[in-house]
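Remarks on the overall topology
Below are the chains, spelled out letter by letter.
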Amino acid sequence: MDSLIVFVATYFLYLGVIVTLWFWWRCERTTKIELLVRLVAGGLLALALAAIGGRLYYDPRPFVTEHVAPLFAHAADNGFPSDHALLTSFLGFTVLMYSRKVGAILLAVAVAVGAARVAAHVHSARDIVGSFVFSALAAVIVERLTTSPRLRARWGRHHARRG
């Protein structure tokens, strides 16, 4: 069971990236551009929110406070928020705005990653929930910004000139 926990906690992150790339590849050209913009801008915003959150809140890793061995080697630094959960949940929340089915699959991957990292004693549930909150905020903020009528009008003129 420990091997499965370590595998999911460490490598399922890549499954999320692969599924997102597969989804992006299948999109139409204009959707590809929009999705790429949202992934880059939202990803940067999610990282910024996580950095601010990590500065404002310190959560020692469970293996430190509970005096247990983690299932894999990890630095004894601030666990808040989880980078792995941040990335996988951000991909899920962003793709969810385009496809409920694929977005739900990606969010299930994110939940699995988060649960495995808690089971491995490298994060607390707080770290995982914080990551989900930051990534959801970033995805929604960027979605709102990229769907504003003003930006849409400018975006449309830009594509019309290139078309």
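Up top you'll find the structure we're talking about.
Residues numbered from 1 in each chain as written. Predicted model: local features only at pLDDT ≥ 70, side-chain atom pairs only at ≥ 80, totals over all residues. Heavy atoms only, no water.

**Points about a nonpolar patch on the surface**
The condition that has to hold: Nonpolar side chains (Val, Leu, Ile, Met, Phe, Trp, Tyr) are joined into patches within 5 Å and like charges within 9 Å, using only residues with over 30% relative accessible area and no salt bridge. What sets the accessible areas is the Shrake-Rupley method with a 1.4 Å probe; for residues, cover comes only from the shown protein chains. Think of a salt bridge as a Lys or Arg side-chain nitrogen and an Asp or Glu carboxyl oxygen that are within 4 Å of each other. Strands are runs of DSSP state E lasting at least two residues, helices are runs of H or I lasting at least four, and both sets are numbered from the N terminus onward. Each residue is placed in one exposure class: buried if its accessible area under a 1.4 Å probe, protein chains only, is under 20% of its type's maximum, exposed if it is over 50%, and partly exposed if it falls in between.
Residues V129, V133, L137, I141 and L145 make up a contiguous nonpolar surface patch of about 430 Å² in total accessible area. With respect to the helices and strands, L137 occurs in helix 6 (residues 125-146). Relative accessible area serves as the criterion here: at 41%, L137 is assigned to the partly exposed category.

**Details of the packing of helix 1 (residues 2-26) against helix 5 (residues 100-119)**
Applied cut-off: Axis definition: a line fitted to C-alpha atoms, limited for helices to the stretch in contact. Angles are taken between N-to-C directions and run from 0 to 180 degrees. Reported orientations rely on four angle classes, namely roughly parallel under 35 degrees, roughly antiparallel over 145, roughly perpendicular from 65 to 115, and oblique for the rest. Handedness of a crossing follows from how the near helix is turned relative to the far one, being left-handed for an anticlockwise turn of less than a right angle and right-handed for a clockwise one. Only heavy atoms matter for contacts: two residues are in contact if any of them lie within 4.5 Å across the pair. Gly counts as polar in this scheme, as do all residues outside two lists: the nonpolar Ala, Val, Leu, Ile, Met, Phe, Trp, Tyr, Cys and Pro, and the charged Asp, Glu, Lys and Arg.
Contact geometry of helix 1 with helix 5 gives a least axis separation of 8 Å together with a crossing angle of 160°. As judged from the angle between their axes, helix 1 and helix 5 are roughly antiparallel. Regarding helix 1 and helix 5, the two cross each other, and that crossing is left-handed. On helix 5, the residues touching I5, V8, A9, F12, L13, L15, G16, V19, T20, W22 and F23 of helix 1 are V102, L106, V109, A112, V113, A116, R117 and A119. Broken down by class, the residue content of the contact of helix 1 with helix 5 amounts to 16 nonpolar, 2 polar and 1 charged.

**Some thoughts on helix 2 (residues 29-56)**
Under the convention used in this document: For a helix, the expected span equals 1.5 Å multiplied by the number of residues minus one.
Here helix 2 contains 28 residues, and its C-alpha end-to-end distance of 40 Å stays within 8% of the 40 Å for a straight helix at 1.5 Å per residue. Every buried residue of helix 2 is listed here: K32, E34, L35, R38, L39, G42, G43, A46, A50 and G53.

**Considerations on the packing of aromatic side chains**
Defined as follows: Planes of paired rings set the category: under 30 degrees apart is stacked, over 60 is edge-to-face and the rest tilted, where pairs are Phe, Tyr or Trp rings (Trp by its six-membered ring) whose centres lie within 6.5 Å. Charge-over-ring placement is defined geometrically: NZ (Lys) or CZ (Arg) within 6 Å of the ring centre, and within 35 degrees of the ring normal.
One pass over the full model with this rule turns up 6 aromatic pairs. Between F7 and F12, the ring centres sit 6.1 Å apart and the planes meet at 80°, which makes this aromatic pair edge-to-face. Overall, the relative accessible area of 44% leaves F7 in the partly exposed class. F12 gets classed as partly exposed once you look at its relative accessible area, which sits at 23%. Taken together, the ring pairs connect F7, Y11, F12 and Y14 into an aromatic cluster. Above the plane of the ring of W24 lies K32, whose end atom (NZ or CZ) is 5.0 Å from the centre. Sitting above the plane of the W25 ring, K32 keeps its charged end 4.8 Å from the centroid.

**Looking at the nonpolar core**
Side chains of a nonpolar character, in soluble globular proteins, are inclined to be buried together. As a reminder, the rule being used: Side-chain atoms within 4.5 Å link the members of a nonpolar core, which is a set of buried Ala, Val, Leu, Ile, Met, Phe, Trp, Tyr and Cys residues.
Of all hydrophobic cores here, the largest spans 23 residues; its most connected members are F23, F90, V102 and F132. Elements with a contribution of two residues or more to this core: helix 1, helix 2, helix 4 (83-96), helix 5 and helix 6. Broken down by element, the residue count for this core peaks at 6 residues, all from helix 4. Ignoring any residue separated from it by four or fewer positions in sequence, one finds V102 in contact with V19, W22, F23 and V95.

**Brief notes about the pattern of salt bridges**
The full count for this structure, using the stated rule, is 4 salt bridges. Between R61 and D77 there is a salt bridge whose closest N-O contact spans 2.8 Å. Of this pair, R61 sits in the loop between helix 2 and helix 3 (62-65) while D77 sits in the loop between helix 3 and helix 4, placing them 16 residues apart in sequence. D77 gets classed as partly exposed once you look at its relative accessible area, which sits at 37%. For the salt bridge of R144 with E143, the shortest nitrogen-to-oxygen distance reads 3.3 Å. Its relative accessible area of 17% is what places E143 among the buried residues.

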